[in-house]
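# Architecture and fold: a report
Next come the chains, spelled out residue by residue.
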Amino acid sequence: MKEQIEDAQRSLTKSFQSLFTEHELLAKVIECFPYPIQIFTPDGTVRMINKAALETIGIRSLESHIGKYNVFQDPIVRALGVEDQVRQVLTGKTVQLTDFNAPYQDMIRYFNVVDRDIQTISSDITCFPLPNADGEVEYFAAVFIIKKIYRGKEEISRGKQYIKDHWLEPFDLSATAKAACLSKAQFAKLFKKHTGVTPHEYYINYKISKLKEKLLDTNLTVAQAFAACNMDYNGHSAKLFKRKVGVSPSVYRKMSLK
Amino acid sequence: MGDKTIEQLLGELAEVQKMLEERTAVHGQMLRKFQFLVANAGLFSQIIDFFPYPIAVFTPQYTLAMVNKAFAAETKTPLQNFKKGAIRILQYKIDDAQLAAAFTKVFSGDTFYLEEVKNPFSMFSGISQQSAPHAGRFSRAVVFPVPVNDVEITHGVIVFMP
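Because the structure is predicted, anything quoted here is derived from the model rather than measured. (Residues numbered from 1 in each chain as written. Chains lettered and ligands numbered in written order. Predicted model: local features only at pLDDT ≥ 70, side-chain atom pairs only at ≥ 80, totals over all residues. Heavy atoms only, no water.)

### Side note on the sheet that holds strand β4 (residues 140–146) of chain B
Residue and element names in this part refer to chain B. Strand order in the open sheet made by the 5 strands is β2-β1-β5-β4-β3, with antiparallel pairing throughout. A strand with exactly one partner marks an edge of an open sheet, and here the two such strands are β2 (64–67) and β3 (112–114). Averaged over all adjacent pairs, the angle separating strand axes in this sheet is 15°, with direction ignored. Across 3 bridges, the pairing between strand β1 (residues 55–58) and β2 is antiparallel. Among the inter-strand pairings, Ala56 is bridged to a residue of β2, identified as Val67. Across the sheet, helix α3 (residues 97–105) touches β1, β3, β4 and β5 (155–161), and the angle it forms with β3 is around 165°. (Pairing = 2+ DSSP bridges. Helix = DSSP H or I, 4+ residues; strand = E, 2+ residues; numbered from the N terminus. Axes fitted to C-alpha atoms, helices over the stretch in contact; angles between N-to-C directions. Contact = heavy atoms within 4.5 Å.)

This is the structure we're talking about:
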């Protein structure tokens, strides 16, 4: 009897180990996949996610997400107008969403993800159906091929640096945004949000600060100080200076040199 | 009872109890892991099988442990030809330097994101052709490690992407 039990135990253990190894490998491939994967039931509720999804998206815990998040009720998905495209996966099609730019602040607002210095997560998403043996879509998967994670401060710093390096040249929003690795629209929006001023205003303010330095140099006339900043000394630029500083260039010089 | 005092015996009993509790915790953890694997076994297979991009799982000896349907389709090779160990990665046939480096270093735990991969399917033994009309469409690849027992890296995975 004892031997029979031991044999049964050995056999069971062996079977379990064999099953365990094969499924464990499959599970690990998905878990270790370096891009986020989310698996959904046909009603859009998330059923499983991998480690990269937790870490990249900033989901606080499996419990806060599994069975709770629903892609068809996601306001970001709706706002980006891709809900219908995603639904096509339920007809058995593989769906590609390119340049899915999810604003991270909205993700924090709606889903209580980890608060990090991220502005936008840009990814290409492949949604594909997971049919059962009868060919019915039992689940569907979404793989997020992350293209870029825009971290606000870094991008803004690069933009600011570009303006500082090119303040003598005419303002060029395209080139500044390119230096920050953002589109013009994204950069302008992000810049204003972080600094409170538009990139052009920042450029003007920086230029005026340089002009103020030049005005303190008594070897230069006021016009020469303007010229040194690649500005014409005319009514428009003088007005601009007065609007920004509160006094005219010549008054500023007199006041500063007292 | 011998020479042991009641305090000593209680101490030993506490140690045995602690050991049993630790063992129970380990068993519980294994049981939960196993239950999770059993509950999702079909799902794991589905994800890999229906993944729209070719996936190959390989061992440190460069034999293929597993491929998915997209891989078989792309290489025009029946899935049954990929039985464990039947197909190998032939290192001498890797004509892409970044791929060669990735296959070696993946077992040190590094992940590689490769662009403009050249002839990625030519390095497998037993594969004579790639889907000709689409040759070159999978020019990106990611190679990543899989530590099955959480310590040792037992497999590497390559996923080809458009």
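### A short note on the sheet that holds strand β1 (residues 37–40) of chain A
Residue and element names in this part refer to chain A. Across the sheet, 5 strands lie side by side as β2-β1-β5-β4-β3; this open sheet has antiparallel pairing. In this open sheet, the two edge strands, each paired with only one partner strand, are β2 (46–49) and β3 (95–103). The sheet shows a mean angle of 25° between the axes of neighbouring strands, direction not considered. Across 12 bridges, strand β4 (residues 120–131) lies against strand β5 (residues 137–150) in antiparallel orientation. Bridging from a neighbouring strand, Ser123 pairs with Ile146 of β5. Packing against the sheet, helix α5 (residues 104–111) makes contact with β3 and β4, and its axis sits at approximately 85° to β3.

### Some words on the pairing of β5 of chain B
Regular strands show a simple pattern: their side chains alternate between the two faces of the sheet. Residue and element names in this part refer to chain B. Burial within β5 is extensive, with 7 of its 7 residues counted as buried. The side-chain alternation of β5 yields two buried faces, one formed by His155, Val157, Val159 and Met161 and the other by Gly156, Ile158 and Phe160. Strand direction decides the pairing type here: β1 and β5, joined by 4 bridges, are antiparallel. Bridge pairing links Ala56 to Ile158 in β5. Where β4 meets β5, 7 bridges bridge the pair, whose relative direction is antiparallel. Directly across from Val146, in β5, lies its bridge partner His155. (Buried < 20%, exposed > 50% of the residue type's maximum accessible area, 1.4 Å probe, protein only.)

### Details of the confidence of the model for chain B
For chain B, the average pLDDT comes to 84, and 91% of its residues sit at 70 or higher. Scored by ipTM, the complex comes to 0.79, with pTM at 0.69. (pLDDT = per-residue confidence, 0-100.)

### Quick word on the nonpolar core
One broad rule of soluble globular proteins: the nonpolar side chains tend to lie buried together. Core analysis: the largest hydrophobic core is formed by 62 residues, its most contacted members being Leu64, Phe71, Phe124, Ile158 and Val159 of chain B. Not counting chain neighbours up to four residues away, the residues in contact with Phe124 of chain B comprise Leu64, Phe71, Ile87, Arg88, Ile89 and Phe160 of chain B. (Core = buried A, V, L, I, M, F, W, Y, C linked by side-chain atoms within 4.5 Å.)

### Some details on the layout of surface pockets
Reported here for the largest pocket is a volume of approximately 560 Å³. Taken together, 21 residues make up the lining of the largest pocket; nearest its centre are Glu31, Ile49 and Leu62 of chain A together with Phe36 and Phe44 of chain B. When contributions to the lining of the largest pocket are tallied by element, the ones reaching two or more residues are α1 (2–32), β2 and α2 (51–57) of chain A together with α1 (6–50) of chain B. The leading source of residues in the lining of the largest pocket is α1 of chain B, at 6 residues. (1 Å grid on protein atoms, 1.4 Å probe; cavity = no way out; pocket = protein on both sides within 12 Å on 5 of 7 lines; lining within 4 Å. Points joined across faces, edges and corners; volume = space filled by probe spheres on them.)

### Examining the pattern of salt bridges
Residue and element names in this part refer to chain A. Throughout the structure, instances matching the rule amount to 8 salt bridges over all chains. Between Asp124 and Lys147 there is a salt bridge, and its shortest N-O distance comes to 3.4 Å. One end of the pair, Asp124, is in strand β4; the other, Lys147, is in strand β5, and 23 residues separate them in sequence. Arg158 is paired through a salt bridge with Glu155; the nearest N and O atoms lie 2.7 Å apart. A residue pair is termed a helical-turn pair when its members lie 3 or 4 positions apart in one helix, as Arg158 and Glu155 do in helix α6 (residues 152–165) at 3 residues. Relative accessible area serves as the criterion here: at 30%, Arg158 is assigned to the partly exposed category. Judged by relative accessible area, Glu155 falls into the buried class, the value being 0%. (Salt bridge = Lys/Arg side-chain N within 4 Å of Asp/Glu carboxyl O.)

### A closer look at the side chain of Gln119 of chain A
Residue and element names in this part refer to chain A. Secondary-structure assignment places Gln119 in the loop between α5 and β4. For Gln119, a relative accessible area of 9% translates into the label buried. A polar contact is formed between the side chain of Gln119 and the side chain of His194, at a distance of 3.1 Å. Residues within four places of Gln119 in sequence aside, it is in contact with Ala102, Pro103, Tyr104, Gln105, Tyr150, Arg151, Gly152, Leu190, Lys193 and His194. (Polar contact = N/O pair within 3.5 Å; in protein donor to acceptor, adjacent residues only side chain to side chain.)

### Brief notes about the confidence of the model for chain A
In this model, chain A carries a mean pLDDT of 89, and residues with pLDDT of at least 70 account for 93%. Mean pLDDT across the secondary structure elements of chain A bottoms out at α1 of chain A, with 72, and peaks at β1 of chain A, with 96.

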